[in-house]
Amino acid sequence: MESRKRLITFGCSHTWGDALSIEQNSAYPKRRSLPPHPLSWPYVLGEMMDREVINISYPGESNKGIAHKMFNFKFKGGDIVIPLWTHIGRHCIIEKISSTEIGNYKRHNSWYVELEKETETYYRDYHTIDDELYQTLCFIEWINLRLGNKVERIVNGFADKEVLKFIKGQCKELDVWRIPFFEGYSKWGVAYDGLHLGKEGHLKFAEDMNSYLKGNVESQKTI
């Protein structure tokens, strides 16, 4: 029996389904030990497409971390790949180039500046917004070039409108989903923490993406 084709997604908390349930909320102890929420957009989209879903996401992940996970993943020719690239202000140090385990990344996020000395030092002495945007541009172009004809299709989604605007202006040859995830869909309701989409937002994003993948480019103009 032939196995189903796959939908492979990568991202941060927006792909993981942060705060879609009380247990998945960032305020809940040990929430990061939980798997991605079953009502997050990858699983909703996968059901619509009748594809096996592999959701490789983690709350607070950086674009460097997303690119590294894609670098290590074993893709197949029939895969549809959707990375939901994340916000800037996130950085990671990779311990082992061949490992994508959660503990392989030492993460530095800008909202931890006052809590962690190393993070404070990095964002004070080594970080600029333009430098991070340039690195993000390199990660995205490189990953898309690397995948090339190895997969059926790759569509680049964006959690943040500013990163989307920058990449859209620089990478006109890439397949880019032009509606920012949170800003574009938050009118359908937010999750428990008010910082992530609720179930209706995930559903609407999945519906629009499914329509786009079927060839309806007008689905990008529904917001």
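See the structure printed just above.
Residues numbered from 1 in each chain as written. Predicted model: local features only at pLDDT ≥ 70, side-chain atom pairs only at ≥ 80, totals over all residues. Heavy atoms only, no water.

(A) Examining helix α2 (residues 41–49) more closely. Three or more residues of α2 are buried, namely W41, P42, V44, L45, G46 and M49. Residues of α2 that are buried in the fold lie against β1 (6–11), α1 (13–16), β2 (52–57), β3 (80–85), α7 (181–185) and α8 (199–213). (Buried < 20%, exposed > 50% of the residue type's maximum accessible area, 1.4 Å probe, protein only. Helix = DSSP H or I, 4+ residues; strand = E, 2+ residues; numbered from the N terminus. Contact = heavy atoms within 4.5 Å.)

(B) Fine view of the side chain of S21. You can see S21 is positioned in the loop between α1 and α2. Excluding residues that lie within four positions of it along the chain, S21 makes contacts with H37 and Y192.

(C) How the structure looks around α8. Under the 1.5 Å per step criterion, the end-to-end length of α8 is 21 Å for 15 residues, consistent within 8% with the ideal 21 Å. Burial within α8 is extensive, with eleven of its 15 residues counted as buried. Residues of α8 that are buried include every one of G201, H202, K204, F205, A206, D208, M209, N210, S211, Y212 and L213, and no others. For α8, the elements touching its buried residues are α1, α2, β3, β6 (153–154) and α7. (Expected span 1.5 Å × (residues − 1).)

(D) Layout of a positive patch on the surface. On the surface, a cluster of positive charge is made up of K165, K168, K172 and R178. Mapped onto the fold, K165 is located in helix α6 (residues 161–170). You can call K165 exposed: its relative accessible area is 60%. (Patch = residues over 30% accessible without salt bridge, like charges linked within 9 Å, V, L, I, M, F, W, Y side chains within 5 Å. Areas by Shrake-Rupley, 256 points an atom, 1.4 Å probe, with all protein chains shown as cover. Salt bridge = Lys/Arg side-chain N within 4 Å of Asp/Glu carboxyl O. Lys, Arg positive; Asp, Glu negative; His and termini not counted. Charge placed at Lys NZ, Arg CZ, Asp CG, Glu CD.)

(E) Molecular detail of the environment of E101. For E101, the position within the fold is in the loop between β4 (90–94) and β5 (105–109). Judged by its relative accessible area of 59%, E101 falls in the exposed class. Each C-alpha atom, one on E101 and one on N72, is 11 Å from the other, the two residues being 29 residues apart in sequence.

Without other data, these values stay purely geometric and don't point to any function.
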